[in-house]
Amino acid sequence: MKVTRALQPILPLCQRLLPDMPNLPGLPVFLGFPAFPSFPSFPSFPSFPSLPGLPNLPSLPSRLAGFSVALLKATALDLAILAGHLLLYPSGIAQERRCPVRPDLPGPASAGEPTRLPAQAAPPVVLLHGFIDNRSVFVLLRRSLAQHGRHRVESLNYSPLTCDIRTAAELLGRHIEEICERTGSQQVDVVGHSLGGLIARYYVQRLAGDARVRTLVTLGTPHSGTRVAPLANAHPIVRQMRPGSELIEELARPAPGCRTHFVSFWSDLDHLMDPLESACVDHPDLLAQNVRVTGIGHLALPVHPAVATGIRQALDTERAATPTDVAGTAPRSGGLTVA
């Protein structure tokens, strides 16, 4: 019994690999759970293929092999991105220079043509990095946004010595107010990677930032908290990102009337999310869409071109609250396969 109980922690993984496996009556016995009275023993191996709905046993190794290959590819890509990011990291330590931005003026009209009014400009985009990182992580995403018409893109570096998400959210709020005043825009869009998304969500949900943030896109953000790396609990920011922390519980409180639209990209190979679905926005009062990304890990989310395309689509989509949205839904809809 002690040996079989050791398999309990990997039961969720087994269910991911074999989603079509039914809840067989004898299966709990094999995994170390108490047997049901009517099924005192586990069925014999020869009976497996005859059970309805049970996948053929020869397919299990291929499924495991496919999962392992995908995991290895995602890990290798993350390591390559990490190596490149370490080279770029020094370039993003300093805050970027703020340049005055003037609204576009209408171009001269041709003879006989009425004066053309400028098209309504898209809101500025604010990029917010993750834990122990800086704005250099967004080099490729920023280029992608600029190439598709988003020229007002700014990054915010919060101090690596920051020990409180609430303090960082207040800093973000002041930064956004300064951007709105300088550009004349009433709202901004925000893209936050990992911890950056959690900081932005706190600003939107708890500091009345929904008046300023039109769309918040999060990439691998632990909205429900993550249990990964328990030895990192010495850092107060990490403790705030744990499931059940005071801050996570604060974000779970009612937020009626929140106007910001949330789009959360989460990866099925994100090694920093435990459980993986903690990167989904699941709140009855928030207008949210969760997009599952298949084939890449945590570090690749802000740099992969396919994810960048999804981010641009999320920012360019005009949305209006529907009665279903107001009732509160956070559908785990949409999917993106990048490998």
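Structure report, in brief. All figures in this text were calculated on a predicted structure; none of them were measured in a lab.

Taking 1.5 Å per residue as the helical rise, helix α10 (residues 305-316) with its 12 residues ought to reach 16 Å, and the 16 Å between its terminal C-alpha atoms agrees with that figure. When we look at burial in α10, the residues that qualify are Val307, Ala308, Gly310, Ile311, Arg312, Ala314 and Leu315.

Bringing a nonpolar patch on the surface into the picture now. Together, Leu79, Leu82 and Leu86 give the surface a local cluster of nonpolar side chains, amounting to about 290 Å² of exposed area. Its place among the elements puts Leu79 in helix α4 (residues 59-88).

On to the pattern of salt bridges. Taken as a whole and judged by the stated rule, the model has 13 salt bridges. We note a salt bridge from Asp189 to Arg150, for which the minimum N-O separation is 3.3 Å. Here Arg150 lies in the loop between α5 (139-147) and β2 (153-156) and Asp189 lies in strand β3 (residues 188-193), a separation of 39 residues in the sequence. Overall, Asp189 belongs to the buried group, its relative accessible area being 0%. In this structure, Arg214 and Asp189 form a salt bridge, with 2.8 Å as the shortest nitrogen-oxygen distance. Of this pair, Arg214 sits in strand β4 (residues 213-219) while Asp189 sits in strand β3, and the two are 25 residues apart along the sequence. A cluster of three or more residues bridged by salt bridges with shared partners is formed by Asp164, Arg166, Arg206, Glu246 and Glu250.

Turning next to the packing of helix α6 (residues 165-183) against helix α7 (residues 195-206). Between α6 and α7, the shortest axis-to-axis distance is 8 Å and the interhelical angle comes to 75 degrees. With respect to their mutual orientation, α6 and α7 come out roughly perpendicular. Residue-level contacts link Ile165, Arg166, Ala168, Ala169, Leu172, Gly173, Ile176 and Glu177 of α6 to Leu195, Leu198, Ile199, Ala200, Tyr202 and Tyr203 of α7.

Of all hydrophobic cores here, the largest spans 33 residues; its most connected members are Ile165, Leu172, Ile176 and Ile199. Aside from chain neighbours lying at most four places away, what touches Ile176 is Val126, Val188, Val190, Tyr203, Arg212 and Val213. Counting residues in hydrophobic clusters, the runner-up holds 24 residues, among them Val153, Val263, Val291 and Leu336.

Side-chain alternation along strand β1 (residues 125-128) places Val125 and Leu127 on one buried face and Val126 and Leu128 on a second face that is also buried. Where β1 meets β2, 4 bridges bridge the pair, whose relative direction is parallel. Looking across to β2, one finds that Leu128 is bridged to Leu156. Handedness of the β-α-β unit built from β1, α5 and β2 comes out right-handed. Two strands pair when backbone bridges link them, and β1 and β3 are joined in this way by 4 bridges, in the parallel orientation. Paired with Leu127 across the bridge in β3 is Val191.

This part takes up unusual backbone geometry. For the bond running from Asp274 to Pro275, omega is 0 degrees, close enough to zero to count as cis. Counting through the fold element by element, Pro275 comes out in the loop between β5 (261-267) and β6 (287-294). Backbone geometry places Ala208, a non-glycine residue, at a positive phi of 60 degrees. Examined against the element boundaries, Ala208 turns out to sit in the loop between α7 and β4.

Definitions and cut-offs
Residues numbered from 1 in each chain as written. Predicted model: local features only at pLDDT ≥ 70, side-chain atom pairs only at ≥ 80, totals over all residues. Heavy atoms only, no water. Helix = DSSP H or I, 4+ residues; strand = E, 2+ residues; numbered from the N terminus. Expected span 1.5 Å × (residues − 1). Buried < 20%, exposed > 50% of the residue type's maximum accessible area, 1.4 Å probe, protein only. Patch = residues over 30% accessible without salt bridge, like charges linked within 9 Å, V, L, I, M, F, W, Y side chains within 5 Å. Areas by Shrake-Rupley, 256 points an atom, 1.4 Å probe, with all protein chains shown as cover. Salt bridge = Lys/Arg side-chain N within 4 Å of Asp/Glu carboxyl O. Axes fitted to C-alpha atoms, helices over the stretch in contact; angles between N-to-C directions. Parallel < 35°, antiparallel > 145°, perpendicular 65-115°, else oblique. Contact = heavy atoms within 4.5 Å. Core = buried A, V, L, I, M, F, W, Y, C linked by side-chain atoms within 4.5 Å. Pairing = 2+ DSSP bridges. Right-handed = clockwise from strand over helix to strand, strands pointing away.

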